[in-house]
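Observations on the model geometry
Residues per chain are reported as follows:
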Amino acid sequence: MCGIFAYTGRKNAVPILLDGLSSLEYRGYDSAGVYCPASGSVKSVGAVGNLLKNIDGLSGESGIAHIRWATHGEPTEKNAHPHRDCTGKVWVVHNGIIENYLDLKKKLAMKSHRFSSDTDTEVLAHLVEEHLKKKKSFEAAVVQALREVRGTYGAVFAYETEPDKLVAARMGAPVVLGLGSHENFVASDPSPIMRHTKDAIFMKDGEVAVITPDTHTVYNLNFDRIDRAAEKIEGDAEAIKKGGYRHFMLKEIMEEPDVVKNTLRGRLLTKNGLAKLGGLESVAERLRGVKRIIIVGCGTAYYAGLAGEYMLEGHAGLPVEVEVGSEFRYRKPVLDNSTALVAISQSGETADTLEAVREAKRQGILTLGIINAVGSTIARETDAGIYNHAGPEIGVASTKAFISQLTALALLTLFLGRQRGMSLAEGKRIAEELTRIPEKIASILKDERKIKAVAKKYKDCRDFLYMGRTYNYPVALEGALKLKEISYIHAEGYGAGEMKHGPLAMIDGSFPTVAIAPSGSVYEKMLSNIQEIRARKGPIIAVSTAGDKMMRQFASDTMFIPETIEMLSPLLAVVPLQLFAYHIATLRKLDVDRPRNLAKSVTVE
Ligand code: M6R
């Protein structure tokens with residue numbers, strides 16, 4: 001989704017800005033642009049690299065830059081940010097949506113403002129222009145303009161007349177200030193800042209910051225000064241490199257054994273069958289009284305939540321409901337104070353999940369986060385939580401984050417289960433098996449070439465069906481999502497028991513089904529469902545437990561996973577499906593890290 005980077009200092013801003021935009025590319029975008037008050041603007045459709053064709057005349061010691069993911073107006077040069085006012089002196093980059101922009105546009109047009117784009121953003125520059133006409137300072141004009149706006153924004157304004165001053169603002173879309181020595185930065189997430197400084201201020205909603213190379217001042221929307229201390233950005237800029245892999249997605253899949261170790265690190269008391277979760281200590285007593293859990297998330301995070309439902313109901317005896325954030329926020333949920341909401345999000349910025357958290361908070365219930373991005377908005381707004389510690393995930397298709405979400409949910413199950421009568425023996429069994437998961441994932445990854453061979457065989461199929469039961473029903477949904485989002489092949493996930501209620505009608509010799517059928521309580525039921533498909537000549541690609549001779553007979557192709565306890569089987573079963581999707585997409589020569597139409601961080605509704 002859109003990304004912002006801005007710089008003011010003593011160096012040439014242009015390479016710094018371009019480099020910053022490159023580190024935001026993972027968010028997914030369709031056009032890009034840069035404005036330097038000293039020399040002008042350059043915009044282009046497509047990759048940041050396309051800006052280079054026209055960048056020669058651009059220079060200066062400050063500037064604002066943006067990658068855009070189209071919401072209002074097509075992805076064209078005209079609609080790419082930065083946007084300007086009528087005088088060409090006020091420029092703005094913006095993430096979010098100005099909800100009353102049509103109204104504002106009409107009023108501004110009546111005052112003779114002329115617009116050059118179809119975006120909602122452009123009204124911001126014209127509003128500032130209006131207030132500058134009233135002899136207000138640049139920063140006061142921005143504050144006044146923002147008071148007229150309804151919607152969400154993370155924005156940075158530049159003004160040709162005061163080239164070294166930038167004004168940043170936040171309302172519902174993340175903004176981070178990076179504080180350097182004789183240079184300051186603004187960005188929509190810490191990644192482009194980290195390579196310059198670790199000192200940062202994570203702005204809050206309703207704050208406006210004015211930065212010059214040597215100063216930074218934060219105001220509220222009444223234009224009162226606010227004291228905001230800097231904090232250290234956690235993480236490592238190096239972690240955001242491909243490390244010799246062709247794609248971030250493959251690198252991130254290969255990191256999964258370490259990801260599980262990192263999510264577990266210091267949190268398992270194996271001998272006592274307990275999970276020690278520092279992030280939940282402050283609410284541990286409140287959690288004892290919780291009688292119902294609602295999990296919210298979107299996409300992959302939602303599917304992790306579904307697996308969490310089986311874990312928590314099966315082992316902690318807690319009723320659980322799982323819902324996508326975009327539905328939860330609009331359905332007037334009935335919550336009472338014995339309910340807790342668990343928000344799952346890799347980025348911690350997904351607008352739908354964030355609004356679900358806010359709705360739960362409005363109703364006064366306990367909110368927890370399972371979040372990967374440290375310091376992100378959801379992490380800050382929830383009462384307590386579990387950080388995934390999966391490291392930055394750059395590939396748009398979520399892989400290692402899913403694995404870490406499942407691991408965190410298993411820890412939560414252990415934590416809540418032991419509060420509620422899970423036996424020591426059961427606690428130890430889960431804890432011990434969790435410690436074995438990294439080596440088991442590593443052994444699946446060693447089969448990458450075999451999985452690639454299966455992908456080669458099926459790469460030209462038009463449709464796929466994925467089916468599983470209980471714990472592996474969410475894995476079927478996630479496997480199908482992985483395939484469709486990076487290969488653009490139609491894929492649907494189903495509970496295997498549902499096949500005969502409709503989808504079976506689609507099956508024929510050209511329609512493969514991926515059956516997730518490891519050993520466990522529903523294995524035989526899965527075998528029956530597989531037979532039903534075979535009877536209609538449907539090819540079966542099975543994910544099954546190593547040594548399963550029966551499956552070799554029934555399936556056209558098999559991807560094996562090691563034996564584990566049923567509750568943890570999704571942590572293994574999803575891995576071959578991630579590799580399968582990756583190889584199908586790369587064999588089809590697609591850009592797996594940046595699939596079309598998608599963004600990494602979905603900060604609009
Ligand atoms: O950052 P989040 O975990 O909140 O993101 C949620 C979804 O947008 C995300 O999982 C999306 O479905 C992925 N592209 C799936 O691979």
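Residues numbered from 1 in each chain as written. Predicted model: local features only at pLDDT ≥ 70, side-chain atom pairs only at ≥ 80, totals over all residues. Heavy atoms only, no water.

**Quick look at helix α17 (residues 523-534)**
Compared with the 16 Å implied by 1.5 Å per residue over 12 residues, the 16 Å span of α17 between its first and last C-alpha is a close match. All of the buried residues along α17 are Tyr-523, Met-526, Leu-527, Asn-529, Ile-530 and Ile-533. Taken around the axis of α17, the buried residues stretch over an arc of 165°, which confines them to a single face. (Helix = DSSP H or I, 4+ residues; strand = E, 2+ residues; numbered from the N terminus. Expected span 1.5 Å × (residues − 1). Buried < 20%, exposed > 50% of the residue type's maximum accessible area, 1.4 Å probe, protein only. Arc of directions from axis to C-beta.)

**What about the side chain of Thr-564?**
Note that Thr-564 resides in the loop between β27 (557-561) and α19 (569-587). Residue classification places Thr-564 among the buried residues on the basis of a relative accessible area of 13%. In this structure the side chain of Thr-564 is engaged in a polar contact, spanning 2.6 Å, whose partner is the side chain of Glu-433. Ignoring any residue separated from it by four or fewer positions in sequence, one finds Thr-564 in contact with Glu-433, Ile-437, Lys-440, Ser-569 and Leu-572. (Polar contact = N/O pair within 3.5 Å; in protein donor to acceptor, adjacent residues only side chain to side chain. Contact = heavy atoms within 4.5 Å.)

**Notes on the domain arrangement of the protein chain**
Partitioning the protein chain into domains gives domain 1 (3-241), domain 2 (251-444) and domain 3 (447-587). Computed from C-alpha coordinates alone, the two centres of domain 1 and domain 2 are separated by 34 Å. In this assembly, 10 residues from domain 1 lie in contact with 11 residues from domain 2. Of the roughly 930 Å² buried where domain 1 meets domain 2, counting both sides, 54% is carbon and sulfur surface. (Domains from an automatic or database assignment. Buried area = accessible area lost by both parts, 1.4 Å probe.)

**Some points on the site of the ligand**
Near the ligand there are 15 residues, and of these Ser-345, Gln-346, Ser-347, Thr-350 and Glu-485 occur at the shortest range. The contact in question runs from an oxygen atom of the ligand to an N or O atom on the backbone of Thr-300, over 3.2 Å. Take Ser-398: an N or O atom from its main chain is 2.8 Å from an oxygen atom of the ligand. In isolation the ligand exposes 410 Å². Once the protein is present, 90% of that is buried. Elements supplying a minimum of two residues to the shell around the ligand: α9 (299-315) and α16 (473-487). Partitioning the shell around the ligand into residue classes produces 6 nonpolar, 7 polar and 2 charged. (Near = heavy atom within 4 Å. Areas by Shrake-Rupley, 256 points an atom, 1.4 Å probe, with all protein chains shown as cover. Nonpolar A, V, L, I, M, F, W, Y, C, P; charged D, E, K, R; others polar.)

**Here we look at the sheet that holds strand β15 (residues 231-232)**
The 8 strands are arranged β3-β2-β4-β1-β10-β9-β11-β15 in an open sheet whose pairing can be described as antiparallel. The open sheet is flanked by β3 (40-45) and β15, the only strands paired with a single partner. In terms of strand pairing, strand β2 (residues 31-36) meets β3 through 6 bridges, oriented antiparallel. From the neighbouring strand, Gly-33 faces β3, where its bridge partner is Lys-43. Seen against the sheet, helix α1 (residues 13-24) touches β1 (3-8), β2, β4 (62-68) and β10 (184-187) and runs at an angle of roughly 155° to β1. (Pairing = 2+ DSSP bridges. Axes fitted to C-alpha atoms, helices over the stretch in contact; angles between N-to-C directions.)

**A short note on a positive patch on the surface**
Taken together, the side chains of Arg-246, Arg-449, Lys-452, Lys-456 and Lys-589 present a region of like positive charge at the surface. For Lys-589, the location among the structural elements is in the segment after α19. (Patch = residues over 30% accessible without salt bridge, like charges linked within 9 Å, V, L, I, M, F, W, Y side chains within 5 Å. Salt bridge = Lys/Arg side-chain N within 4 Å of Asp/Glu carboxyl O. Lys, Arg positive; Asp, Glu negative; His and termini not counted. Charge placed at Lys NZ, Arg CZ, Asp CG, Glu CD.)

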